[in-house]
Amino acid sequence: MITGTRKPMEEIRAMIAPFGRVLVAGCGTCVAECASGGEKEVALLASQLRMDAKLRKISLEVGEITLDRQCVYEFIDQLTPFLENYDAVLSLACGAGVQAVAEVFPQWVILPGLDTGFLGETREAGLWLENCRGCGECRLHLFAGVCPITRCAKRLFNGPCGGSRAGQCEVSPEVQCAWHLILERLERQGRMDCLEEIYPPCDWSRHQGRGPRKIQREDQRA
Amino acid sequence: MESDQQVHTVVFFCQQLDPQQDLHSRDLEREWGSGIRLFPMHCSGRVEALHLLMAVEQGADRVLLLTCAEGRCRYREGNLRARRRLEYARSLLEEIGIEPGRLELRMASSQSPRHIARILEPILREPWSHGPSPLSMGTD
Ligand code: SF4
Ligand code: SF4
């Protein structure tokens with residue numbers, strides 16, 4: 001899931017200031033899961049914006065809509081009948097969603113209502129943790145399903161640094177030491193031999209430095 | 001200062017507080033007139049920040065959330081969850097310059113169910129510092 005957090009009200013106010021009719025558009029998938037851009041959050045923000053406008057004696061019309069996804073054209077198309085009634089769309093999707101919508105409707109102003117965060121998991125209600133950097137060369141099979149690039153502060157591939165205390169990282173003691181977890185799990189699985197190999201560093205050229213990445217699959221094309 | 005009756009109060013409450021709330025709420029609404037609206041919930045933990053915000057947006061000057069006494073929630077933690085939701089809704093009001101104190105949580109003091117009016121009346125008679133909502137000023 002891609003996480004996000006709502007932008008501060010001041011930033012949102014400034015973005016929408018030139019527009020009199022704003023459509024707050026949520027995304028029902030990742031950002032709904034992390035409670036920042038789903039239907040509920042759309043309703044909360046729309047209510048805040050209406051009250052804010054009233055208090056500041058500004059005329060502002062606020063609409064609400066939540067698409068299943070904002071990064072898939074079939075769903076984005078659901079916006080088509082509504083756009084005529086608005087001057088701008090305030091999207092509560094991740095940056096990918098905002099850009100996909102802007103791509104489909106280049107004549108419309110599409111504004112980001114969230115600051116997009118990380119690839120994460122919902123660990124428990126109200127707690128989201130980053131656990132993947134999207135490095136482009138996943139080695140989770142070697143590390144018992146714990147990513148050392150994301151979860152080890154020193155990004156070590158070949159064993160722990162030795163500084164952890166009671167299973168917590170020496171750099172950020174509130175975080176579990178990734179290598180402590182890896183070792184515990186490999187041991188339990190009887191796979192400590194995974195550690196005998198020397199793993200070369202991550203090949204970051206797959207990740208950055210060559211512009212945006214893309215995946216193209218012929219079998220999936222229409 | 002405004003008299004209590006002029007304050008528009010919306011009350012969300014756990015219906016375990018008063019099993020007869022259906023009947024009693026009507027009595028109370030009759031007595032307090034348009035100044036009060038009551039919304040029973042299966043558990044106060046069902047309350048969402050959106051309920052509280054919508055109440056303010058729709059003209060409430062004061063929003064009360066009544067929960068069971070500490071440790072007495074039938075669903076264990078509903079009243080604690082209710083508090084967290086209320087705190088969140090308060091922060092959203094604060095962001096747009098509305099006094100967060102317009103949203104209040106009160107935990108029942110008694111462990112046993114009571115007439116909802118008996119719970120509310122003393123609260124409503126306490127002096128209250130906020131007055132009409134800034135949203136209603138100069139509009140109607
Ligand atoms: S637009 Fe972003 S948040 Fe929404 S489904 Fe796509 S990736 Fe997830
Ligand atoms: S190895 Fe790369 S792809 Fe796999 S979890 Fe870590 S960052 Fe993500």
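Here, every reference points to the structure presented above.
About the criteria used
Residues numbered from 1 in each chain as written. Chains lettered and ligands numbered in written order. Predicted model: local features only at pLDDT ≥ 70, side-chain atom pairs only at ≥ 80, totals over all residues. Heavy atoms only, no water. Phe/Tyr/Trp six-rings, centres within 6.5 Å; stacked < 30°, edge-to-face > 60°. Helix = DSSP H or I, 4+ residues; strand = E, 2+ residues; numbered from the N terminus. Buried < 20%, exposed > 50% of the residue type's maximum accessible area, 1.4 Å probe, protein only. Pairing = 2+ DSSP bridges. Axes fitted to C-alpha atoms, helices over the stretch in contact; angles between N-to-C directions. Contact = heavy atoms within 4.5 Å. Buried area = accessible area lost by both parts, 1.4 Å probe. Salt bridge = Lys/Arg side-chain N within 4 Å of Asp/Glu carboxyl O. Polar contact = N/O pair within 3.5 Å; in protein donor to acceptor, adjacent residues only side chain to side chain. Nonpolar A, V, L, I, M, F, W, Y, C, P; charged D, E, K, R; others polar. Near = heavy atom within 4 Å. Parallel < 35°, antiparallel > 145°, perpendicular 65-115°, else oblique. Left-handed = near helix turned anticlockwise from the far one by under 90°.

Enquirer: An account of the packing of aromatic side chains is needed here, citing residue identities and associated values.
Expert: A full pass over the atoms with the stated rule returns 4 aromatic pairs over all chains. Aromatic pair A:F143 and A:W179: ring centres 5.7 Å apart, planes at 75°, arrangement edge-to-face. Note that A:F143 is positioned in the loop between β7 (127–132) and α7 (148–151) and A:W179 in helix α8 (residues 178–188), a separation of 36 residues in sequence. When sorted by exposure, A:F143 lands in the same class as A:W179, which is buried. On the basis of an interplanar angle of 25° and a centroid distance of 5.4 Å, the ring pair of B:F12 and B:F39 is categorised as stacked. Of this pair, B:F12 sits in strand β1 (residues 9–14) while B:F39 is found in strand β2 (residues 36–41), placing the two residues 27 residues apart along the sequence. Cluster of aromatic residues (ring-pair linked, three or more members): A:F143, A:F157, A:W179 and A:Y199.

Enquirer: Explain the sheet that holds strand β2 (residues 21–27) of chain A to me, and be specific about the residues and the numbers.
Expert: All names here are of chain A. Spatial strand order, β3-β2-β4-β5: 4 strands in an open sheet with parallel pairing. Either end of the sheet is taken by a strand with one partner, and the two such strands are β3 (61–67) and β5 (109–112). Between one strand and the next, the sheet's axes are offset by a mean angle of 25°, whatever the strand orientation. Where strand β4 (residues 88–91) and β5 come together, 4 bridges link them in parallel fashion. Bridge assignment links S91 to a residue of β5, and that residue is P112. This element, helix α3 (residues 39–55), spans β2, β3 and β4 of the sheet and lies at about 175° to β3.

Enquirer: Which residues make up the interface of chain B and chain A, and what are the values?
Expert: Interface size, as often reported, equals the accessible area lost upon joining of the parts. On the side of chain A, 13 residues touch chain B, which itself brings 16 residues to the contact. Between chain B and chain A lies a buried interface of about 1400 Å² when both sides are counted; carbon and sulfur atoms form 65% of it. Between chain B and chain A we count 3 salt bridges in total. Put simply, A:R50 and B:E57 hold a salt bridge, and the shortest N to O gap is 2.5 Å. Our count for the chain B to chain A interface comes out at 8 residue pairs in polar contact (both at pLDDT 80 or more). Going through the elements one at a time, α2 (49–57) and α3 (78–95) of chain B are the ones with two or more residues in the side of chain B that touches chain A. The element contributing the most residues to the side of chain B that touches chain A is α2(B), with 6 residues. In terms of residue class, the side of chain B that touches chain A is made up of 12 nonpolar, 1 polar and 3 charged.

Enquirer: Residue-level account of the site of ligand 1, with values.
Expert: In the neighbourhood of ligand 1, the contacting residues comprise A:I2, A:C27, A:T29, A:C30, A:V31, A:R69, A:Q70, A:C71, A:A93, A:C94 and A:G97. Residues belonging to the shell around ligand 1 are distributed by class as follows: 7 nonpolar, 3 polar and 1 charged.

Enquirer: Quick one: what's the story with the pattern of salt bridges, residue by residue and with numbers?
Expert: Within this structure, the stated rule accounts for 20 salt bridges over all chains. A:R13 is paired through a salt bridge with A:D52; the nearest N and O atoms lie 2.8 Å apart. On the criterion of sequence distance, the pair formed by A:R13 in helix α1 (residues 9–16) and A:D52 in helix α3 is long-range, its members being 39 residues apart. A:D52 carries the same exposure label as A:R13, and that label is buried. Through salt bridges with shared partners, a single ionic network connects B:R62, B:E104, B:R106 and B:E126.

Enquirer: Any details on the packing of α3(A) against α2(B)? Residues and values, ideally.
Expert: One can describe the packing of α3(A) onto α2(B) by two numbers: an axis separation of 10 Å at closest approach and a directional angle of 20°. In terms of their interaxial angle, α3(A) and α2(B) are classed as roughly parallel. By crossing handedness, the relation of α3(A) to α2(B) is classed as left-handed. Here A:A43, A:L44, A:S47, A:Q48, A:R50 and A:M51 of α3(A) come into contact with α2(B), specifically with B:A49, B:L50, B:L53, B:M54, B:V56 and B:E57. In terms of residue class, the contact of α3(A) with α2(B) is built from 8 nonpolar, 2 polar and 2 charged.

Enquirer: For the packing of α1(A) against α3(A), give the residues involved together with the corresponding values.
Expert: All names here are of chain A. At a minimum axis distance of 12 Å, the contact between α1 and α3 shows a crossing angle of 70°. The angle between the axes of α1 and α3 places the two elements in the roughly perpendicular class. The two elements α1 and α3 cross, and the hand of that crossing is right-handed. Where α1 approaches α3, its residues M9, I12, R13 and I16 are matched on the opposing element by L45, Q48, L49 and D52. A breakdown of the residues in the contact of α1 with α3 according to their chemical character gives 5 nonpolar, 1 polar and 2 charged.

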